[in-house]
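Below are the chains, spelled out letter by letter.
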Amino acid sequence: MKLVLSTSNIMSGGPSVIRHPTVEKSNTELTSSLRANFTAHQRSPSSENSIPNGTPTRLNPKPFRSWTSQHESTLYIPAIDFSSSGLSEERSQYDITVKLFYLPNIPSSRRCLQNREAIDLVLRELHVSSIDLLIVSFPSISFDADDEDSDSDDVVPRAANEASSESKSGVEDIDTMIQTWRTLEKLHDEGIIDRLGVAEFGTQRLAKFLPQTHVRPSVDQINVRDCCVVPKPLILYAKQEGIELLTHNDCTNVLPRGTLRELLGPGEKGAGILACPDGLSPQDGLQGDVEPQWVVKYTAVIKDRGVVESKGYFAVAELREGLC
Amino acid sequence: MGLLAIGTPLDWPEAKKVASHVRSWGIEQLLAIWRRAKGKERDALLWGDEVEYLVVCYDDEDRVVRLSLRQADILAALASDEKLLHQGGGVPDVQRGTLREGETAPVFHPEFGRFMLEATPGKPWGIGFKDLLDVEPNMKWRRAIAKDHMASTEYPITLTTFPRLGTKDCTTPQYPVSGEKLRSQFVPDEIANPHIRFPTLAANIRSRRGRKVEINVPVFKDENTPWPFKDPTVNYDLHHWPEDDDVRNGAAKQNHVYMDAMAFGMGSCCLQITFQAKNIAEGRKMYDQLSPLGPILLALTAATPIYKGFLVDTDVRWNQISRAVDDRTPEELGEKPLQHDRWRLPKSRYASNSTYISQDPRLRKEYLDPNLVIDEDIKKRLLDGGMDDLLATHFAHLFIRDPIVVFAEDLKELDLDKADHFENLQSTNWQHMRFKPPPIGSDIGWRVEFRPMEIQITDYENAAFSVFIVLITRAILSFDLNFYIPITRVSENMEIAHIRDAVSSQKFYFRKDPFPSRSIKSTSTSGLSSPVASRPPTPLGPVEDEYELMTINEVINGQTDSEGGFPGLIPLVENYLNSMNVDVETRCELARYLDLIRKRADGRLWTAAKWIRNFVHNHPGYKKDSAVDESITYDLVKAAETITRNEGRDGLGEEMLGKRV
């Protein structure tokens, strides 16, 4: 079964949005806003049987079937009513940025389909037919300013043995990335995505990547923690190649399997969608093992006012039954 | 401060007779503007900063620094500089170049003090992050241009007040005190801009009040300060004017530094930011939400520890300006029973805000001032004209004042295509926020002005605070933040901000939870333009439970000890930035600004007030008697100039600015 998790618009979401600077876990935004959205739906009295003046009781959250919805083999957590979302002004007023996180250990062959799915959810959520910028985040890749500096003179692509050393660290090789890129170029050609971008690419990776692209990335996103130590060569190279270096504050591994399991599980902080892993408690939770597939983040900014009107996440996971 | 048309100003008794007339015409003009502009929509964020300078003149031989009264000459030089005009800059009141597509040179304005100068960007800033980076170089450009049009001995300094304003021989050229307009025993009439509006303003405030304005600032008591302290500069034996009796009637208070003229307040420099809102609703929301931040930013920018040659026991300029333009009569002040005047007025026309104006469902009645003074007739006229209750109340409150400067020529005919009578009242209500309707005949939208901040010594700091406020407004609108506390608590905070080193030693009332409550159906509208409440109709707790006393550090950097405490303005801004596409270079610059403010709030860096006190204390000429003499002042102003130039890179001022690379 496929699980589609969503946060709805987190800008009006309150405390879950804001992390304390001391808490340096940057995937907190996703997990806490998912949790907040689940909780809000679990506790909200449905319109038919609302209790007058009643605070929904904390002790008896509603069974998940009442606040999620299933279409064929897809479970939406919570149920999404796309008719109630959308943007308040004309499309031209917005700058819509989407970031797609491919997750570790998921075959890259699935990405063509994942791209479509992810973009489709965002378009439906925002009631638009295209997005301005799609940034893709490849799994396990992280920007290393020191590495850049040490061999800063050498921006020419080197021998392929570098790629093999990378694959050990879980980073895929350029060829795989390019295969993925082809599917994104197609979405660009169809007019669904205006600009494409990558995240955490250093000079060398960019230099290897660029010549093989038809649609060049116009953005390279670097983690904000490193933004003041971005090596000069990368700044110069990016400028020369017409690539904007932007900042972000996302975790590369944005949704680890354990986090997802806890989020959906039966425990105190869970949404009560999965049954106990030991299968002992005979509740109506789903049985099986969850595997996060991808996460997409979208942000709609009113351009000439600098106001973030809508921001949220979708995350998709596979639930494989009987593996428990 | 723009100049109104030249005309024949009425002296006070005459102006008083036409006060109701001006008010009622002002209200008709307001209604006309409101009707025309209430539906104005989708204006971009444009914003501007105003930097004010003191023009000082050094006498290096005698180691004396004085205020230069050459404002008019400097402005004339600026207005006739071909190159500046060609670049789009100049002096709008006289002559300026046309706006340019690209970079436009800054423009300069006269101010109340004849030793002051104001400079603004040549055209407004947008929200493009590149614009935010242009602010600081533009401020430096402004200062460089200003300096270029001054004598070699002069310099535009950004101290809030001149430390020895009101002492003997503090201006060049020198003029005798005790002039007809100010009747001050400390400063000459020539201290004010000679444009007829300014001396009339000062004279009519004095006349309306029935005596001179009275500014008593508690003196800072040091080891050798004579105690009780009797301001040794006060002359009790003057007999030129009836107002010379003031001091014999107890105007000068013991243990205080006494001042007696508008120039002691309106001669202060501040840093003001004006924002254009997308529509009237957003403007009203920004007005309300920025209001509780006013006292916090006042304390954080504190820079005013010296008056008339003495260290004082307060750190900011605010109340001194308030008293310097306080035109209330003894009846209005509550010193005499009400006989001739209409009401008791708890505040000066220069004071903290007294109203909230947003039609925000989160604005609870309990936040409003229960003792707000309003003119009921004016409110009725505005309501009859179609204005809603909150906004009508706001203007009916501003319009409890009399117009001070009235030109005879303007009373002949009511012109609804002008705003002069409305502006007459509006622009002489100096509250810490100002809600500004669109000017007639322009494309400018509804605006909100943030007025409490003190000017900082360097352009780096002034840019940092300007940009910080801009980013806060974007965070407020993006997260739909709620900073409401009872407006009377904001006024209390304003008083607290005056206390010496309030930034580190005091606590301020602040709202604990700034977030809207989550409602699962609000996705579609995001609460920005929709009148739909984002708050579900759950019963509200007592207002007193919504806020608590917080340190400035907690307000700025967050309550990190407790789970779910106030998140802090800087974390909110950073979270906003994380949601935006910001390039590496910009983010890095913004991080510098935020870091300065973070460290000012947590005490690692000093306010200018603290730095100035420290400078005086460590000066070899200081006798620990609170007196700041000519030579200390000379060295202090020189040091301020050096800091302006070097921004701490040579180590001077490092305690304020941090280590700079």
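For the structure itself, look to the data block above.
Residues numbered from 1 in each chain as written. Chains lettered and ligands numbered in written order. Predicted model: local features only at pLDDT ≥ 70, side-chain atom pairs only at ≥ 80, totals over all residues. Heavy atoms only, no water.

### Regarding the overall build of chain A
For clarity, the cut-off: Numbering of helices and strands starts at the N terminus; helices are DSSP runs of H or I of at least 4 residues and strands are runs of E of at least 2. Categorising residues by exposure relies on relative accessible area from a 1.4 Å probe, with only protein chains included: less than 20% of the type maximum marks a residue as buried, more than 50% marks it as exposed, and the intermediate range marks it as partly exposed. Whether two residues touch is decided by their heavy atoms; if any such pair falls within 4.5 Å, the residues are in contact. Accessible surface is estimated by sampling points in the Shrake-Rupley manner with a 1.4 Å probe; for residues, cover comes only from the protein chains shown.
From N to C terminus, chain A includes nine helices and 10 strands. When each of the 324 residues of chain A is scored for burial, the buried share is 55%. Counted over contacts in chain A with a minimum sequence separation of 6, partners at least 24 positions apart contribute 74%. Of the roughly 14100 Å² that chain A leaves accessible, carbon and sulfur atoms contribute 51%.

### Describing the overall build of chain B
Scanning chain B from terminus to terminus reveals 24 helices and 19 strands. Across the 661 residues of chain B, 64% fall into the buried class. Taking the contacts inside chain B whose residues are at least 6 apart along the sequence as the reference set, 75% of them involve residues at least 24 apart. Element-wise, carbon and sulfur atoms account for 51% of the exposed surface of chain B, whose accessible area totals about 23500 Å².

### Side note on the state of the cysteines
Residues and elements named next belong to chain B. How we decide: Note on terminology: disulfide denotes any pair of cysteine sulfur atoms within 2.5 Å.
Enumeration over the complete set of coordinates arrives at zero disulfides over all chains. C269 carries a free sulfur, and the closest cysteine sulfur to it, the one in C270, is 7.5 Å from it. Overall, C269 belongs to the buried group, its relative accessible area being 0%.

### Some points on the nonpolar core
Generally speaking, a soluble globular protein has its nonpolar side chains buried in company with each other. Note the cut-off: In this text, buried Ala, Val, Leu, Ile, Met, Phe, Trp, Tyr and Cys residues form a nonpolar core when linked through side-chain atoms within 4.5 Å.
L134(A), F108(B), F275(B), L297(B), F468(B), I556(B) and L569(B) are the most contacted members of the largest nonpolar core, which has 253 residues in total. A total of 14 residues in this core trace back to one element, the largest contributor, which is helix α16 (residues 459–479) of chain B. With sequence-adjacent residues up to four places away left out, F108(B) is seen in contact with L75(B), L78(B), L84(B), G90(B), V91(B), P92(B), L117(B), E118(B), A119(B), R142(B), I145(B) and A146(B). One finds W67(A), L263(A), L264(A) and I273(A) within the second-largest nonpolar core, a separate group that totals 29 residues.

### Digging into the side chain of R206(B)
By secondary structure assignment, the location of R206(B) is in helix α6 (residues 197–209). Leaving out residues up to four positions away in the same chain, R206(B) has contacts with E180(B), K181(B), L182(B), R183(B), R211(B), K212(B) and E243(B).

### Quick word on the packing of α16(B) against helix α21 (residues 584–602) of chain B
Residues and elements named next belong to chain B. We count it as follows: Here the axes come from fitting lines to C-alpha atoms, over the contacting stretch only for helices, and the angles between their N-to-C directions go from 0 to 180 degrees. Each angle receives one of four descriptions, namely roughly parallel if under 35 degrees, roughly antiparallel if over 145, roughly perpendicular if within 65 to 115, and oblique otherwise. Only Asp, Glu, Lys and Arg are considered charged, only Ala, Val, Leu, Ile, Met, Phe, Trp, Tyr, Cys and Pro nonpolar, and every remaining residue, Gly among them, polar.
In the contact formed by α16 and α21, the axes pass within 9 Å of each other and the chain directions differ by 95°. Relative to α21, α16 is oriented roughly perpendicular. For the pair formed by α16 and α21, the contact residues are Y460, E461, A463, A464, F465, V467, F468 and L471 on the first element and L590, R592, Y593, L594, L596, I597 and R600 on the second. The class makeup of the residues in the contact of α16 with α21 is 12 nonpolar, no polar and three charged.

### Considerations on helix α1 (residues 28–43) of chain A
Residues and elements named next belong to chain A. The test is simple: Helix span, as expected, comes to 1.5 Å for every residue beyond the first.
In a regular helix each residue adds 1.5 Å, so 16 residues correspond to 22 Å; α1 covers 22 Å between its end C-alpha atoms and thus fits that length. Of all 16 residues that make up α1, 12 are buried, and the element is covered over most of its length. The complete set of buried residues in α1 reads E29, L30, T31, S32, S33, L34, A36, N37, F38, A40, H41 and Q42.

### With respect to the sheet that holds strand β5 (residues 131–137) of chain A
Residues and elements named next belong to chain A. We apply this condition: A pair of strands is treated as paired once DSSP finds two or more bridges between them.
Pairing is mixed across the open sheet formed by 10 strands, whose spatial order is β2-β3-β1-β10-β9-β4-β5-β6-β7-β8. Each of the sheet's edge strands pairs with one partner strand only, and the pair in question is β2 (69–71) and β8 (244–248). Direction aside, neighbouring strands of the sheet carry axes that sit 25° apart on average. Of the strand pairs in this sheet, strand β4 (residues 94–102) and β5 are connected by five bridges, and their pairing is parallel. Its bridge partner lying in β5, K99 is registered against I135.

### Topic: the pairing of β5(A)
Residue and element names in this part refer to chain A. What counts is decided by this rule: Handedness of a crossover: with both strands directed away from the viewer, a clockwise path from the first strand across the helix to the second marks it as right-handed.
Most of β5 is tucked away: seven of the seven residues are buried. Between the parallel pair β4 and β5, the chain is carried across by helix α3 (residues 111–126), and the sense of this crossover is right-handed. Pairing of β5 with strand β6 (residues 193–199) involves five bridges; the strand directions are parallel. Note that in β6 the partner of I135 across the bridge is G197.

### Notes on the packing of helix α20 (residues 569–578) of chain B against α21(B)
All names here are of chain B. Running from amino to carboxyl end, α20 crosses α21 at an angle of 170°, the nearest separation of the two axes being 11 Å. The angle between the axes of α20 and α21 places the two elements in the roughly antiparallel class. Note on element contacts: α21 touches α20 through R587, L590, L594, I597 and R598, opposite I570, V573, E574, L577 and N578. Residue composition of the contact of α20 with α21, grouped by class: six nonpolar, one polar and three charged.

### Focus: the packing of aromatic side chains
Going by this rule: Each Phe, Tyr or Trp ring, with Trp reduced to its six-membered ring, pairs with another whose centre is within 6.5 Å; inter-plane angles below 30 degrees give stacked pairs, above 60 give edge-to-face pairs, and intermediate values give tilted ones.
In total, this model carries 26 aromatic pairs over all chains according to the counting rule given. Both rings, one in F229(B) and one in F310(B), keep their centres 5.3 Å apart while their planes meet at 80°; by these two values the pair is edge-to-face. Note that F229(B) is positioned in the loop between β9 (215–218) and α7 (245–248) and F310(B) in strand β13 (residues 310–311), a separation of 81 residues in sequence. The buried category is assigned to F229(B), whose relative accessible area is 2%. On the accessibility criterion, F310(B) (7% relative accessible area) is buried. With a centroid separation of 5.7 Å and 65° between ring planes, the pair formed by F395(B) and F422(B) is classed as edge-to-face. With a gap of 27 residues between them, F395(B) in helix α14 (residues 389–398) and F422(B) in helix α15 (residues 420–426) connect regions that are remote in the sequence. Judged by its relative accessible area of 1%, F395(B) falls in the buried class. Following the ring pairs from residue to residue traces out a cluster consisting of Y102(A), F138(A), W181(A), F201(A) and F209(A).

### Overview of helix α3 (residues 71–79) of chain B
As a reminder of what qualifies: It is the directions from the helix axis to the C-beta atoms that the arc portrays.
Among the residues of α3(B), those classed as buried are Q71(B), I74(B), L75(B), L78(B) and A79(B). Seen from one end, α3(B) has its buried residues packed into an arc of 135°, which puts them on one side.

### A short note on the side chain of K311(A)
Selection rule: By the criterion applied in these results, polar contacts are pairs of N or O atoms within 3.5 Å in which, for protein atoms, one can donate a hydrogen and the other can accept it, and in which residues neighboring in sequence qualify only through two side-chain atoms.
Positionally, K311(A) belongs in strand β10 (residues 307–320). Here the side chain of K311(A) touches E29(A) through a polar contact of 3.1 Å, side chain to side chain. A polar contact is formed between the side chain of K311(A) and the side chain of S579(B), at a distance of 2.8 Å. For K311(A), the residues in contact, after removing those within four places along its chain, are S8(A), N9(A), I10(A), M11(A), E29(A), K297(A), Y298(A), T299(A) and S579(B).

### Digging into the pairing of strand β18 (residues 507–511) of chain B
Residues and elements named next belong to chain B. The element β18 is largely enclosed, with a buried count of four among its five residues. Note: β18 against strand β19 (residues 547–551), five bridges, orientation antiparallel. In the strand pairing of β19, Y509 is matched with L549.

### Let's talk about unusual backbone geometry
For the peptide bond that leads from I77(A) to P78(A), omega is -10°, which places it in the cis range. Counting through the fold element by element, P78(A) comes out in the loop between β3 (74–77) and β4. Here the bond from W227(B) into P228(B) is cis, since omega is 0°, no more than 30 degrees from zero. Looking at where P228(B) falls in the secondary structure, it is placed in the loop between β9 and α7. Backbone geometry at R183(B) places phi at a positive 55°, although glycine is not the residue there. With respect to the helices and strands, R183(B) occurs in the loop between β8 (171–172) and α6. Residue classification places R183(B) among the buried positions, given a relative accessible area of 14%. Look at D501(B): it is not a glycine, yet its phi comes out positive at around 55°. Of note, D501(B) is situated in the loop between α17 (487–496) and α18 (502–505).

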